[in-house]
Amino acid sequence: MAGRALPGGGTADPLTTSVTTLVAIAAGLVAARVWPLVLAGLGAAGRRSVTWRVAVTGGRTRPLTSAVTAAFVAAAMCATLFAGSYRATLQDSADDQAAYQVPLDVAVSASRDVATPLEALDTAALAAVPGVTVRPVVASAVTAFPGTVRAAGLPLVGLDPDTVLAMHRWTATTGATVPAVQLAGELGSADTGAAAVARPVVPAGTRVLRIAAAGATADADVSLWVAGPDGDERQVPLLQAGTDALRAPVATDVPLRVVAVELAESATHLVHRQHAVGEGNTDQPLAAGRLTLGAVTADGTPVPWSWAGWGSDAATVDARADRLAADYRIDDVRVVLTPGFVPLARLPELPVATDPQTAGSAVDGIVPVDVGATTVRGRVVATLPRMPTMGGRYLVADRAAVAALLDRSEPGTAAVTQVWLGVPDGALPAVRQLLAAPPASTATVVYRADVRTAVATDPVAARSGTLLTLAGIVALLLALVAIALAVRIEDGDGAADGLSLELDGLPPARVRRTLLLRACLVLAVGIPFGAAVGLLLTGVAVRLIGLGSAGVDVQPPVQVALGGVWAAVLVVVAVAGGVGVATVTAAAGLRGPRPLVPEMDLR
């Protein structure tokens, strides 16, 4: 059932209508063969009811009309229900594909013009739109199972627990067996191991931050790493402000979270040291010293700032609430001082969700991961066959925990690679307007609704879905006509039986009721059987073909959607329509002034 090439590119839907027709006919033939067996079983079920015995006996003595009608009803029901279920499957697949590419409502990422989405976005303006939520996504390349034959490079992705909860169609897009709320709780339980201390924050509106300092020299450049509400990290130089202070021109309109203080060898010292290498006994020592930091003010106003809990992997730190003293020696490893510092030996395990291959390589559920200059033990809390917007292998963890791990040795590498926006329908026009204007327009912006529309309105999907639906509707209408004709034929072919029953004292109304009951038995056989085959055909078709609306492989894979509402409405319409048509047709029978004598030529 390979796809047929189309002039405009792509392929036709591989499940052709001819296959549907053949299966529907086969369902009808089986229903026709089952009809006599059903009547044989029903014959013993209502021995005390004259109407029941007459209806069943008439069907057994003249089975052809009823069997053909049951076959037609079954075939029509099969075709109609398959059309609706397969169409619902393709529509659900369009929703799944859209949510896989855009997990919330809008996804913004880098482009040829911007390295990170935050370079182009005004997140404050977006967050000001009622109902809009801004969800940064952090990703950094790490190495899993370092130093072993299983070593593999893969992205470590940081998501906020609330972001996991907000993702659309979680089960379909990830293939996860754990609910989103459970995974969000697991990831949100990440413990940095640090004591609960207040992290320093630069107040909104600060132009210059001043830090009391001693021991700053020209050999080492000191800088302050800060992060905005959107997670964007930036480096601000700490410049000499006299002999007893350092100043940072932060110039911020929003509060900034302090990430780290970094000491780096100055360009002047580096040049002198490199030129002196190999020059006899003139080698220059590495930049080293003792830096002391104290009280902090923002534009002359004291700032609540505690140095307690600060530490470093590359320096000896004595940190107290009112001051920090760091003995450092700058070599090939960056000297970074971070708040809430935890020694490597006490670093807790990091809860992660990962792909099946990585999870399968874990030993006792533990995945060692090199994050910058730090090796952390990742504890697998969930296995996700897929992760929207990610590749084949990945690690997903709490964003704050990922940023803290990266910042302790390599601040600035906790890059926001994507920004996901949760946008209610009413706010979408305002968000589109903001993202259509520069500089936001220079980033890559994708809307979930647009992806869904593009997939659902694919010409192949639209034509095949419409054709299947029309075929199903026509088949259902013809089945109703077949019911009416069957009642009329039974009325004519059974004139002898009708006359005999009337002569035996059975009122015409009871005779008409036998015609109606026999038609209802036909419906009772044809509708369930056809519906079951139609649903089975949908499931088999999707399982065997597994292609999207355009006849190509898609992610996530196509899943069977039985179209619960469609199926229920269709069954109700078929039953109500069939019984209604049979009632009207049966009621019109046996209305002559006297019983019709069988085999009488009335010409």
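Structure shown above.
Residues numbered from 1 in each chain as written. Predicted model: local features only at pLDDT ≥ 70, side-chain atom pairs only at ≥ 80, totals over all residues. Heavy atoms only, no water.

Chemist: Hey, could you run me through the overall build of the protein in this one?
Modeler: Along the backbone of the protein there are 16 helices and 20 strands. When the 603 residues of the protein are sorted by exposure, 46% land in the buried category. Put simply, 78% of the contacts in the protein that link residues at least 6 apart link residues at least 24 apart. Surface accessibility of the protein: about 27900 Å² in total, with carbon and sulfur atoms responsible for 60%. (Helix = DSSP H or I, 4+ residues; strand = E, 2+ residues; numbered from the N terminus. Buried < 20%, exposed > 50% of the residue type's maximum accessible area, 1.4 Å probe, protein only. Contact = heavy atoms within 4.5 Å. Areas by Shrake-Rupley, 256 points an atom, 1.4 Å probe, with all protein chains shown as cover.)

Chemist: I tried to follow the environment of Leu521 on my own but got confused; where do I start?
Modeler: Looking at where Leu521 falls in the secondary structure, it is placed in helix α15 (residues 508–545). Placed 455 residues apart in sequence, Leu521 and Ser66 show a C-alpha to C-alpha distance of 9.0 Å.

Chemist: I keep staring at the pairing of strand β16 (residues 366–371) and nothing clicks. Help me out?
Modeler: The two faces of the sheet receive side chains in turn, since in a regular strand these alternate between them. Sheet analysis places strand β2 (residues 133–144) next to β16, joined by two bridges and oriented antiparallel. Its bridge partner lying in β16, Thr143 is registered against Asp370. Here β16 runs beside strand β17 (residues 374–383); their pairing, made up of six bridges, is antiparallel. Paired with Val367 across the strands is Gly378, a residue of β17. (Pairing = 2+ DSSP bridges.)

Chemist: What is the right way to read the pairing of β2 from this model?
Modeler: Taken together, the six bridges between β2 and strand β19 (residues 416–422) define a ladder with antiparallel strand orientation. Among the inter-strand pairings, Arg135 is bridged to a residue of β19, identified as Trp420. Summarising the sheet, β2 and strand β3 (residues 152–159) pair through seven bridges and their orientation is antiparallel. Counted as the bridge partner of Ala141 is Pro155 from β3.

Chemist: Help me out: how do you make sense of the pattern of salt bridges in this one?
Modeler: Two side chains bearing opposite charge may form a pair once their charged atoms approach each other closely. In the structure shown here, the tally under the stated rule is 16 salt bridges. Between Asp92 and Arg169 there is a salt bridge; the shortest N-O distance is 4.0 Å. With Asp92 in helix α3 (residues 63–101) and Arg169 in the loop between α5 (161–166) and α6 (170–174), this pair connects stretches of sequence that are 77 residues apart. Arg169 sits in the partly exposed class, given a relative accessible area of 34%. One network of salt bridges, with partners in common, ties together Asp92, Asp96 and Arg169. (Salt bridge = Lys/Arg side-chain N within 4 Å of Asp/Glu carboxyl O.)

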